[in-house]
Amino acid sequence: MNEGIRRMIERDIAGRGIRDPRVIAAMGKVDRALFVPPEWKESAYDDHPLSIGAGQTISQPYMVAFMTEALGLSGDERVLEIGTGSGYQTAILAELAREVYTVERIESLATAAEDRLVALGYANIRFHLGDGSLGWREYAPYDRIIVTAAAPAAPPSLIGQIAEGGRMVIPVGPPDGQALEIIERREGRILRRNSIGCIFVPLVGKEGFPGGPGQLDR
Ligand code: SAM
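Every value quoted in this text rests on a predicted model; they were computed, and no experiment measured them.

J.: Summarise the site of the ligand; cite the residues concerned and give the values.
T.: Taken together, 28 residues lie around the ligand, and S86, E104, D131, G132 and V204 are the ones closest in. In this structure, an oxygen atom belonging to the ligand sits 2.6 Å away from a side-chain N or O atom of E104. A distance of 3.3 Å separates a nitrogen atom of the ligand from a polar atom in the side chain of T148. In the complex, 100% of the free accessible area of the ligand, which totals 600 Å², lies under the protein chains. Going through the elements one at a time, β2 (56-58), β3 (78-82), α4 (88-96) and β4 (99-104) are the ones with two or more residues in the shell around the ligand. For the shell around the ligand, the leading source of residues is β2, giving three residues. Among the residues making up the shell around the ligand, the classes are represented as 11 nonpolar, 13 polar and four charged.

Spelled out as structure tokens, the structure:
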């Protein structure tokens, strides 16, 4: 682990209350500098989002760690991620789960993230270009679902793709500020609770916020 990552872990991950040793180890192993554009390399270990192009961001390290910890991964899960972005969160998930299914709606980001993650040697990730507000029906249900873009309300299609005993973590609320919602399916019942506040870019799609003229940005 390099000095920048070590400081990031000490100050913003363990230092801010993340306790799961597997999450801390994954945050220490995956180098965020490999996922940010060249002009942001010097800020790669700072605890804030950074621009990755196409009007999108790589999330702040603390939020990545918090959401990952909230998923409660033991290593055997199939995880659906909505909003591949740079692929940083995807890599953290791939370190901690059996299989990761990731969906992105912007083609340039999806392609760059896939090239990056394949070059890094991850073999347990499947990639899909499409509207993730509808989930990814082909491989549903999922033990865990993580949405890294803000939804006006938890999309019914995504709730429908949570496996029995499974869990979804999703930012819900207006574009200027949301709360992380944790939704679980227990004996067929849907249980919901709110966690910390956050600000994410919008989930744009049929069960998200309205977007541009097309369903996909290319
Ligand atoms: N987790 C990412 C990372 O580590 O770099 C950051 C994700 S960024 C905050 C949110 C991403 O969600 C953007 O790349 C955006 O294009 C994507 N997004 C927004 N609406 C989407 C949708 N309906 N389906 C799939 N991806 C979507």
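J.: Go over the pattern of salt bridges with me, naming the residues and quoting the values.
T.: Taken as a whole and judged by the stated rule, the model has 11 salt bridges. Of the charged contacts in the structure, one is a salt bridge between R16 and D47, with a shortest N-O distance of 2.8 Å. Highlighted residues: R16 in the loop between α1 (3-13) and α2 (21-29) and D47 in the loop between α2 and β1 (50-53), separated in sequence by 31 residues. By relative accessible area, which is 42% here, R16 ends up partly exposed. On the basis of relative accessibility, which here comes to 19%, the residue D47 falls in the buried class. Put simply, E184 and R167 hold a salt bridge, and the shortest N to O gap is 2.9 Å. Remark: R167 occurs in strand β7 (residues 162-172) and E184 occurs in strand β8 (residues 178-186); sequence separation between them is 17 residues. Overall, R167 belongs to the buried group, its relative accessible area being 16%. Put simply, E3, R6, R7 and E10 are held in one network by salt bridges that share partners.

J.: Give a detailed account of the sheet that holds strand β5 (residues 125-129), specifying residues and quantitative values.
T.: Strand order in this open sheet of seven strands is β5-β4-β3-β6-β7-β8-β9, and the pairing throughout is mixed. Because the sheet does not close on itself, it has two edges, and the strands there are β5 and β9 (189-198). If you compare each strand with its neighbour and ignore which way they point, the axes differ by 15° on average. Direction of pairing for strand β6 (residues 142-147) relative to β7: parallel, over a ladder of four bridges. Opposite I145, over in β7, you have M168 as the bridge partner.

Analysis parameters
Note that residues are indexed from 1 along each chain, following the sequence as it is written. Under the rules for a predicted model, residues below a pLDDT of 70 receive no local features and side-chain atom pairs below 80 are neither given nor counted, while totals for whole chains, interfaces and linings still include all residues. Side-chain metrics rest on all non-hydrogen atoms present in the structure, leaving aside hydrogens and water. Being near a molecule or strand, for a residue, comes down to having at least one heavy atom within 4 Å of it. Between N or O atoms, a polar contact is any pair within 3.5 Å; within protein, one atom must be a potential hydrogen donor and the other a potential acceptor, and residues adjacent in sequence are included only when both atoms are from side chains. Using the Shrake-Rupley algorithm and a 1.4 Å probe, accessible areas are obtained, with residue cover drawn only from the displayed protein chains. In this description a helix means any DSSP run of H or I spanning at least four residues, a strand means any run of E spanning at least two, and both kinds are numbered starting from the N terminus. Just so you know the grouping, Ala, Val, Leu, Ile, Met, Phe, Trp, Tyr, Cys and Pro go in nonpolar, Asp, Glu, Lys and Arg go in charged, and all remaining residues, Gly too, go in polar. By definition here, a salt bridge exists when the distance from a side-chain nitrogen of Lys or Arg to a carboxyl oxygen of Asp or Glu is within 4 Å. Remark: exposure states derive from per-residue accessible area (1.4 Å probe, protein chains only) relative to the maximum for the residue type, with buried under 20%, exposed over 50%, and partly exposed in between. Should DSSP find at least two bridges between two strands, the strands are regarded as paired. Orientation is described by lines fitted to C-alpha atoms, with helices fitted over the stretch in contact, and by angles between N-to-C directions that extend from 0 to 180 degrees.

Interpretation in functional terms is not warranted from these geometric data alone.
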